[in-house]
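For reference, the chains in residue letters:
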Amino acid sequence: MQTILKGYILRLYPTDKQKELINKTIGCTRFVYNHFLSDRINDYKRAGKSKSCYDQIKKLPGLCKEYPWLSEVDSCSLRSALFSLDDAYKRFYSKQNGFPRFKNKDIGNSYKTNNIKNTYKDKSYESIKVDFKNKIIALPKLKEVKFRGYRNKTSFIGNIKSAVIRRKANKYYVSVLVEEPLILPEFIPRSIVGLDLGIKDIIITSFNEKIENSLASLEVKKRIKGLQKGLSRCKPSSKNRYKIKLKIQRAYMKLKNIRKHLIHDVTNKLVKENDIIVMENLNIRGMYQLHSMAKSLTNIPLSEIKRVLEYKCNWQNKKLLTINRFYPSSQTCSVCGYQNKKVKDLSIRSWECPKCGVLHDRDVNASINIMFEGLKMYVNSL
Ligand SMILES: [Zn+2]
């Protein structure tokens, strides 16, 4: 059976003792990560190559003997730190990322643990268990932690693979990874939509719908700016400075949440209402847009919209088609096909077709053209 991995984020409400243990575990995994990163670097300097992840795992018990406090936390989390170090190296070798960095208090406020299954005297046992009825999650070493989230869920369908426990602005979260069976509905092409991605309106559909960038995120951005001004006026390492820093962290989290909700709302609706979704290939145009958008106050990464659309389409057996970005979607009249080179200028928001006289909204016209290109592509593939 085909399966998919889904992540569920729950807000944790640990007791003071549990908080202490979470913080300690985060500290220990950070220590292990940094220790073995410098180990790898030193090995490389000495011998021109470094140990494999598995060789390093073999050295872990020795390290725990040397630093006994490492044995007080979930041992699985320490191994996971080594796997994530290995991943960081792999991403470096495949040029996806830069060289692995040492973790400090600003990066690396989380740890991962795997769900370990055992059977003992005919009783099966799992190291991670979620009880939705009583709102309690069992985690290694921490035992039962209260949580909130997914009010309508009664259980996970499928197997829990792992959990990442995270501290963000003094709040605690767990992200539970679940392997779920994938049951695909039959693909029936009934509705097709073209999307033009923009800056002010993040998505313009060929049904003439414009999804505006949320104003709430603008307000939060303004607030962050104000707080940062306050921060620069504070004395270093003062109590006030710490408070403002925390406020900034929380505001950033809020901003992230607003964006996340916006992206999910929009993509849910698109995938629910359409069977084929067409958008432009983002590679270069997307990069250019990201670049210019980084300067603007409201930047929702377009690549993130694509990523979310991609997996939602996969889960629901819908088609996401990407058309060539060189196709002049903005300049072509969606009614008669006339190509109007003057529209290249991005400041032109609406134009009248010199050939057929139809008045076009720049973005809606582009999204209709994108839809037609996608339709051609789909029909040709049959
Ligand atoms: Zn025309």
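Before reading on, note that the structure itself is shown above.
Residues numbered from 1 in each chain as written. Predicted model: local features only at pLDDT ≥ 70, side-chain atom pairs only at ≥ 80, totals over all residues.

Engineer: Help me out: how do you make sense of the nonpolar core in this one?
Structural biologist: Soluble globular proteins: nonpolar side chains tend toward being buried together. Grouped together as the largest cluster of nonpolar side chains are 27 residues, with contacts concentrated most on Leu195, Leu197, Ile203, Ile277, Val278, Leu309 and Ile370. Residue contributions to this core peak at five residues, all from helix 8 (residues 362-381). Once residues within four sequence positions are removed from consideration, Leu195 is found in contact with Ile203, Thr205, Ile277, Val278, Met279, Ser367 and Ile370. In this structure, Leu21, Ile22, Tyr111 and Leu139 belong to the second largest nonpolar core, which totals 19 residues. (Core = buried A, V, L, I, M, F, W, Y, C linked by C-beta atoms within 7 Å. Buried ≥ 20, exposed ≤ 12 C-beta atoms within 10 Å, placed from the backbone. Helix = DSSP H or I, 4+ residues; strand = E, 2+ residues; numbered from the N terminus. Contact = placed C-beta atoms within 7 Å.)

Engineer: Looking at this structure, I do not really get the sheet that holds strand 7 (residues 143-148). What am I missing?
Structural biologist: Note: strands within a sheet are paired through backbone hydrogen bonds, in either parallel or antiparallel orientation. Taken together, seven strands build an open sheet; the order of strands is 2-8-9-1-7-6-5 and the sheet is antiparallel. Here the strands that pair on one side only, and so sit at the sheet edges, are strand 2 (110-114) and strand 5 (129-131). In this sheet, adjacent strand axes meet at a mean angle of 35° when their direction is disregarded. Both strand 5 and strand 6 (residues 136-139) contribute to a ladder of three bridges, which runs antiparallel. If you follow Lys129 over to strand 6, its bridge partner there is Ala138. Across the sheet, helix 1 (residues 16-47) touches strand 2, strand 7, strand 8 (159-168) and strand 9 (171-181), and the angle it forms with strand 2 is around 90°. (Pairing = 2+ DSSP bridges. Axes fitted to C-alpha atoms, helices over the stretch in contact; angles between N-to-C directions.)

Engineer: Explain the packing of helix 2 (residues 53-66) against helix 3 (residues 75-93) to me, please; I cannot follow it from the model alone.
Structural biologist: Two measures define how a pair of helices packs: the angle their axes make with one another and the distance between the axes. Contact geometry of helix 2 with helix 3 gives a least axis separation of 10 Å together with a crossing angle of 155°. Classified by the angle their axes make, helix 2 and helix 3 are roughly antiparallel. Relative to helix 3, helix 2 is oriented so that their crossing is right-handed. For the pair formed by helix 2 and helix 3, the contact residues are Cys53, Gln56, Ile57 and Leu60 on the first element and Leu78, Arg79, Leu82, Phe83 and Asp86 on the second. Residue composition of the contact of helix 2 with helix 3, by class: six nonpolar, one polar and two charged. (Parallel < 35°, antiparallel > 145°, perpendicular 65-115°, else oblique. Left-handed = near helix turned anticlockwise from the far one by under 90°. Nonpolar A, V, L, I, M, F, W, Y, C, P; charged D, E, K, R; others polar.)

Engineer: Looking at this structure, how should I read unusual backbone geometry?
Structural biologist: With glycine set apart, most residues show a phi of negative sign, and most peptide bonds adopt trans. Look at Asp122: it is not a glycine, yet its phi comes out positive at around 65°. The topology assignment puts Asp122 in the loop between strand 3 (117-120) and strand 4 (123-126). Exposure remark for Asp122: the 5 C-beta atoms within 10 Å place this residue in the exposed category. One non-glycine residue with positive phi stands out, namely Ser237, at about 55°. Within the fold, Ser237 resides in the loop between helix 4 (215-233) and helix 5 (239-273). The exposure class assigned to Ser237 is exposed, which follows from the 7 C-beta atoms found within 10 Å.

Engineer: Hey, could you run me through the pairing of strand 11 (residues 201-205) in this one?
Structural biologist: Strand residues, when the strand is regular, have side chains that alternate between the two faces of the sheet. Of all five residues making up strand 11, four are buried, and the element is well covered by its neighbours. Judged from the three bridges that link them, strand 10 (residues 192-197) and strand 11 form a sheet pairing that is antiparallel. Bridged to Asp196 within strand 11 is Ile204. Both strand 11 and strand 12 (residues 210-212) contribute to a ladder of three bridges, which runs antiparallel. The residue of strand 12 that forms the bridge with Asp201 is Glu212. With antiparallel pairing between neighbouring strands as the criterion, strand 11 and strand 12 make up a hairpin whose turn holds four residues, including Asn208 at a positive phi of roughly 65°.

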